[in-house]
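Close look at the chain arrangement
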Amino acid sequence: MTTIRLTTAQALVRYLAAQQIEIDGKVESLFGCAFAIFGHGNVTCLGQQLFENQSVFPTWRGQNEQSMALAAVAYARANQRRRIGIATSSVGPGATNMITAAGVAHTNRLPLLLLAGDTFQSRLPDPVLQQTEHFSNPSLTVNDAFKTVTRFWDRINAPSQLTVALPQAIATMLDPADCGPAMIALPQDVQGQAWDFPESFFAPKVHRIRRPQPEPIELDLAAEAIKKAKRPLIIAGGGVAYSGARNALIQFAEKHQIPVVETIAGRTLLSADHPLNCGPIGTTGSNSANQMCGDADVVIAIGTRLQDFTTGSWTVFRDPDMKLISINAGRFDATKHMAQSIISDAKAAIVPLSERLGNWQTQNAWVDKAAAETSQWRGVVEQRTAASDTALPSYAQIIGKVNSLVNEGDRVITAAGGLPAELNMNWQATYPYSLDVEFGFSCMGYEIAAGWGNKIARPDHESIVLVGDGSYLMMNSDIYSSVLTGHKMIVLVCDNGGFAVIRKLQTNTGNTAFNNQLEDCTTERDYELPRVDFVSHARGLGANAEKVEHLSDFEAAFERAKASDKTYVIVTDIDDTVWSSCDAWWEVGLSEVTDNESIANARDQWEEGRKHQRRGV
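Residues numbered from 1 in each chain as written. Predicted model: local features only at pLDDT ≥ 70, side-chain atom pairs only at ≥ 80, totals over all residues. Heavy atoms only, no water.

Turning to the overall build of the protein chain, a few remarks are in order. Looking only at helices and strands, the protein chain has 24 helices and 23 strands in total. For the C-alpha atoms alone, the extent of the protein chain along its principal axes is close to 70 × 70 × 55 Å. Sorting the 617 residues of the protein chain into buried and exposed places 60% on the buried side. Within the protein chain, contacts between residues at least 6 apart in sequence are counted, and of these 77% link residues at least 24 apart. Surface accessibility of the protein chain: about 24,900 Å² in total, with carbon and sulfur atoms responsible for 48%. Mean positive and mean negative side-chain charge positions of the protein chain (53 and 68 charges, respectively) differ by 6 Å. (Helix = DSSP H or I, 4+ residues; strand = E, 2+ residues; numbered from the N terminus. Buried < 20%, exposed > 50% of the residue type's maximum accessible area, 1.4 Å probe, protein only. Contact = heavy atoms within 4.5 Å. Areas by Shrake-Rupley, 256 points an atom, 1.4 Å probe, with all protein chains shown as cover. Lys, Arg positive; Asp, Glu negative; His and termini not counted. Charge placed at Lys NZ, Arg CZ, Asp CG, Glu CD.)

So, in structure tokens, the structure goes:
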């Protein structure tokens, strides 16, 4: 056996550089980019190796470890889980900063490779800079905290361990069922230690995403149940996109005339004007989709984990005898709520299921109802998004403007606050894959970082970020990252003076408005309420920026942003009293004991909605 003597860091990066993936017949590097902030735990060994492999995957410098890992998450999402971003940090706070991003990737079933420096394996210099010490467990470091938010975790205590750890980490990140983040902890002394690695370990390897095949009996049982249905409905989730099953889904729905509703992750799979598209489902969805769910007797959930916002905390299904059929590559998701499961890749299940159904089609009355419900809902959306002469625009009106100005391939990104709901409710899809709404972890701060990562993945298209003032203040430094690295974004800052959507929840549940909006937060000031000058701030980060005072000026500003050669920030004040809504319930914790009459009344109203809640079966 031929061997080559390499350090842990050399072998690690050489192995990653040798990994490739075949996508639609084209072979590319599996790892398309890395993000790094270097410190004493990753600069001397790992940093040099990343530099020497820039031709395989470039390493971009972020300004915050959390945001650069979020950029890597968005990069993977933009590539539909087929290419992976790397994020590396030093020890201590650099590492713990990435935990939130790991949570985003874990929740959303997205691949992310985290390489964090660690304390010395020898322990001779302990305690080292940034080391937290555990008196009864000296081997425990902050990197152990990643175990709760990663699918794969390992600490490399000897160079030889890479031959086991790296293939397993990659297999996890590419597994359709277990896909999620992988964490490799790298003790500082071990990074520089050498071992005689087999040369064959570094041979180029081409990966292909597996398609778990369905059991024939599961398909037979599902087809039998569907044929008995009078009111069948499809819920299309993000797994349809990751499977590349969009066309198969549309053909299945059209052949059997089954109406379709979309989850947040599944939005834009069908165009808004498709006759079988009944709109988004759930708490932040549409009356049309929720009404169809309420009447459906068989629900075919494809590629969705059926989150509470999707299911209205499991109240949108009103037929007590409704049968749930779940098609999912993950056993955990496929078997929720006593579903009749098909554990399979979405495309691998849809095609043979359609064959088993033959020429069977849904009754015309059900399809006609879907069309009527959807037509009514589209009228609501058109009314909400229409331009008006109001002093301040609403979220919906801004979304309507953006909707009319995007081109094919452009991607609109948001994550937290009021914007995810407003975007989900009001976006009328013309082009597929035009939204990235991170509402699984609903991570404030994802938006701008994700815009940067998305632009790296899709350099020929616009990366359009919708962010509220609260999320902007929480994490905005990747505006500078995008200018520094030459990845232009369009950032739309919707300023409503604080955390307006949480204040809405606060007051809707009978509580007093407190500490959410700037005007009701605790303060000791004796001067006028200070407001952030977002235009000046964005310019200070190197971007072009302007403020739009009236909705009539938005289109011209957006065209200037598109023409700009670097990141462009558009700021607009938002009317925080105008919200989109739909008929749906969402479970929130309300006090059982209170002297506040408004809270008691709100709890009574919430409990009235609970009577429709599906109790696990």
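This part takes up helix α11 (residues 287-295). Along an α-helix, residues three or four apart share an orientation, since each turn contains 3.6 residues. Those residues of α11 that sit buried are Ser288, Ala289, Asn290, Met292, Cys293 and Gly294. Of the surrounding elements, those touching the buried residues of α11 are β12 (232-236), β13 (260-262), β14 (277-280) and α15 (364-385).

What follows concerns the nonpolar core. Residues Leu114, Tyr446, Tyr472 and Val569 are the most contacted members of the largest nonpolar core, which totals 54 residues. No other element matches helix α3 (residues 65-78), which puts nine residues into this core. Dropping the residues within four chain positions of it, Tyr472 is found in contact with Ile448, Val467, Ile479, Val493, Phe534, His537, Ala538 and Leu541. In this structure, Ile21, Ala169, Ile170 and Met173 belong to the second largest nonpolar core, which totals 35 residues. (Core = buried A, V, L, I, M, F, W, Y, C linked by side-chain atoms within 4.5 Å.)

With twelve residues, helix α8 (residues 216-227) should cover 16 Å at 1.5 Å per step; its first-to-last C-alpha distance of 17 Å lies within 8% of that length. Those residues of α8 that sit buried are Glu218, Leu219, Ala222, Ala223, Ala225 and Ile226. Axial view of α8: buried residues confined to an arc of 160 degrees, hence all on one face. Where α8 is buried, its residues touch β15 (298-302), β16 (323-328), β17 (340-343) and α14 (346-357). (Expected span 1.5 Å × (residues − 1). Arc of directions from axis to C-beta.)

In this section: the sheet that holds strand β9 (residues 181-187). What the six strands build is an open sheet, ordered β5-β4-β6-β7-β9-β8; its pairing is parallel. At either end of the open sheet lies a strand with only one pairing partner, and these are β5 (59-61) and β8 (152-155). Here the strands of the sheet are splayed against their neighbours by 20 degrees on average, with no regard to which way each runs. Direction of pairing for strand β4 (residues 31-36) relative to strand β6 (residues 84-89): parallel, over a ladder of five bridges. Counterpart to Ala36 in the pairing with β6 is Thr88. Sheet contacts for helix α5 (residues 99-107): β7 (112-118) and β9; angle to β7, the most-contacted strand, approximately 150 degrees. Packed onto the sheet, helix α6 (residues 162-174) meets β4, β6, β7, β8 and β9 and runs at close to 165 degrees relative to β8. (Pairing = 2+ DSSP bridges. Axes fitted to C-alpha atoms, helices over the stretch in contact; angles between N-to-C directions.)

The description of two aromatic rings rests on the distance between their centres and on the angle between their planes. Summed over the entire model, instances satisfying the criterion amount to twelve aromatic pairs. Residues Phe35 and Trp452 carry aromatic rings whose centres are separated by 5.1 Å and whose planes lie at 70 degrees to one another, so their mutual orientation is edge-to-face. With a gap of 417 residues between them, Phe35 in strand β4 and Trp452 in helix α18 (residues 446-457) connect regions that are remote in the sequence. Accessibility expressed as a relative area gives 0% for Trp452, which makes it buried. An angle of 20 degrees between the planes, with centres 6.3 Å apart, marks the rings of Phe197 and Phe201 as stacked. Overall, the relative accessible area of 0% leaves Phe197 in the buried class. (Phe/Tyr/Trp six-rings, centres within 6.5 Å; stacked < 30°, edge-to-face > 60°.)

Let's shift gears to the side chain of Thr385. Topologically, Thr385 is positioned in helix α15. The exposure class assigned to Thr385 is buried, which follows from its relative accessible area of 18%. Among the polar contacts listed, one links the side chain of Thr385 to the backbone oxygen of Val381, at a separation of 2.8 Å. Apart from the residues within four sequence positions on either side, Thr385 is in contact with Ala396, Gln397, Gly400 and Asn426. (Polar contact = N/O pair within 3.5 Å; in protein donor to acceptor, adjacent residues only side chain to side chain.)

The subject of this paragraph is the packing of α3 against α18. Where α3 meets α18, the axes come as close as 7 Å, and the angle between the chain directions of the two elements is 50 degrees. Relative to α18, the element α3 lies oblique. Considering only the axes of α3 and α18, their crossing is right-handed. Together, Ser67, Leu70, Ala71, Val73, Ala74, Tyr75, Arg77 and Ala78 of α3 and Tyr446, Ala449, Ala450, Trp452, Gly453, Asn454, Ile456 and Ala457 of α18 make up the contact between the two elements. (Parallel < 35°, antiparallel > 145°, perpendicular 65-115°, else oblique. Left-handed = near helix turned anticlockwise from the far one by under 90°.)

The next thing to look at is the sheet that holds β17. Reading across from one edge, β14-β13-β12-β15-β16-β17 is the order of the six strands in this open sheet, with parallel pairing throughout. Of all the strands in the sheet, just β14 and β17 have a single pairing partner and so form its edges. Looking at each pair of strands side by side, their axes are set apart by 20 degrees on average, direction ignored. Alignment of β15 against β16, held across five bridges, turns out to be parallel. Residue Ile302 lies in a different strand from β16, and its bridge partner there is Ile327.

For the rest of this paragraph, the subject is the pairing of β15. In terms of burial, β15 is largely enclosed, as five of its five residues are buried. The alternating pattern of β15 places Val298, Ile300 and Ile302 and Val299 and Ala301 on opposite faces, both of which are buried. Across five bridges, β12 lies against β15 in parallel orientation. Within the sheet, the bridge partner assigned to Pro232 lies in β15 and is Val298.

Counted according to the given criterion, the structure contains 30 salt bridges. Across the pair Lys547 and Asp573 runs a salt bridge whose closest N-O atoms are separated by 3.1 Å. Of this pair, Lys547 sits in strand β22 (residues 544-547) while Asp573 sits in strand β23 (residues 568-573), and the two are 26 residues apart along the sequence. Salt bridges here are not isolated pairs; linked through shared partners, they connect Glu587, Glu592, Arg603, Glu607 and Arg610. (Salt bridge = Lys/Arg side-chain N within 4 Å of Asp/Glu carboxyl O.)

Treat this as a map of the structure, not an account of what it does.
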